[in-house]
Amino acid sequence: MKAKKVFPKKTWLYRNGLSITFISLFVFTLLAQAITGWKEHNSELSDEGASPISFNNYLHTGHFISATFENFESEFLQMVLYVLLTVKLRQIGSAESKKLDEEEEVDREPVASESAPWPVRQGGLILKLYSNSLSIAFSILFLLSWYLHFYGSWRDHNAEQILKGKATDTMTAYLGQANFWFETFQNWQSEFLSVAAIVVFTIFLRQKGSPESKPVDAPHMETGK
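Residues numbered from 1 in each chain as written. Predicted model: local features only at pLDDT ≥ 70, side-chain atom pairs only at ≥ 80, totals over all residues. Heavy atoms only, no water.

So, the pattern of salt bridges
Across all of its chains, the model carries two salt bridges by this definition. K98 is paired through a salt bridge with D107; the nearest N and O atoms lie 2.7 Å apart. In this structure K98 comes out as buried when scored by relative accessible area, which is 11%. The exposure class assigned to D107 is partly exposed, which follows from its relative accessible area of 27%. Taking the shortest distance from any N to any O, the salt bridge between R108 and E105 comes out at 3.0 Å. We note that R108, like E105, is exposed. (Salt bridge = Lys/Arg side-chain N within 4 Å of Asp/Glu carboxyl O. Buried < 20%, exposed > 50% of the residue type's maximum accessible area, 1.4 Å probe, protein only.)

Remarks on a nonpolar patch on the surface
Together, I92, L100, V200, F201, F204, L205 and M221 make up an exposed nonpolar region whose accessible area comes to about 670 Å². Along the chain, the position of F201 falls in helix α9 (residues 178-204). (Patch = residues over 30% accessible without salt bridge, like charges linked within 9 Å, V, L, I, M, F, W, Y side chains within 5 Å. Areas by Shrake-Rupley, 256 points an atom, 1.4 Å probe, with all protein chains shown as cover. Helix = DSSP H or I, 4+ residues; strand = E, 2+ residues; numbered from the N terminus.)

Examining the environment of V87
The topology assignment puts V87 in helix α4 (residues 62-88). For V87, a relative accessible area of 41% gives the class partly exposed. Note: C-alpha distance between V87 and L141 (54 residues apart in sequence) is 20 Å.

Things to note about the layout of surface pockets
In this structure, the largest pocket spans a volume of roughly 990 Å³. Lining the largest pocket are 24 residues, and of these V87, V106, D107, S131 and N132 sit closest to its centre. Listing elements by their share of the lining of the largest pocket, those giving two or more residues are α4, α6 (124-131) and α7 (133-163). Among the elements that line the lining of the largest pocket, the one with the most residues is α4, at six residues. Residue composition of the lining of the largest pocket, by class: ten nonpolar, five polar and nine charged. (1 Å grid on protein atoms, 1.4 Å probe; cavity = no way out; pocket = protein on both sides within 12 Å on 5 of 7 lines; lining within 4 Å. Points joined across faces, edges and corners; volume = space filled by probe spheres on them. Nonpolar A, V, L, I, M, F, W, Y, C, P; charged D, E, K, R; others polar.)

This is how it looks when you write it as structure tokens:
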């Protein structure tokens, strides 16, 4: 009888390496953005004859809030649309699509087994909410980020108006101005492009070992991973 292969117990770092890496990259780049944004903002203040501000004060400015959350907003919009649209829409040959003519594991009805998450065992409205909890979470994060981007952009706009000796705008008035929507759409379009790229590229291109790719020897028109 063939002996069963025993794998060594994996460390906590190994089991959580993907999230740790991306969270670390996020923290590092957010700090880098804050520091460089602070220097840029102080340079702009100097050009207008105003005094520079401290790093701590910069973190409360519209300049930092707007720049941070306009990026969060577009990312969460990308994810909520991706999660929802891939439920029904297909792309032949793409590793990012469900198969064209058969149901997959994600389509099956939840079974309230002993090992199932608590909402599955609870059933009813709780289960209904849990069945859509991923898109709900991303939708809430998108709306919150959109508002904070708008709030920060409005505050930054009014700060510039004051420096230039011009009248400030109300939030309602600023919502109708092109500047905020320019910031918004320039981020949204880049997210839509990146999703379209991975959907189409995974038809023809491969990355051995990645769960986002089809197997290297898979036919181009084979849909799904």
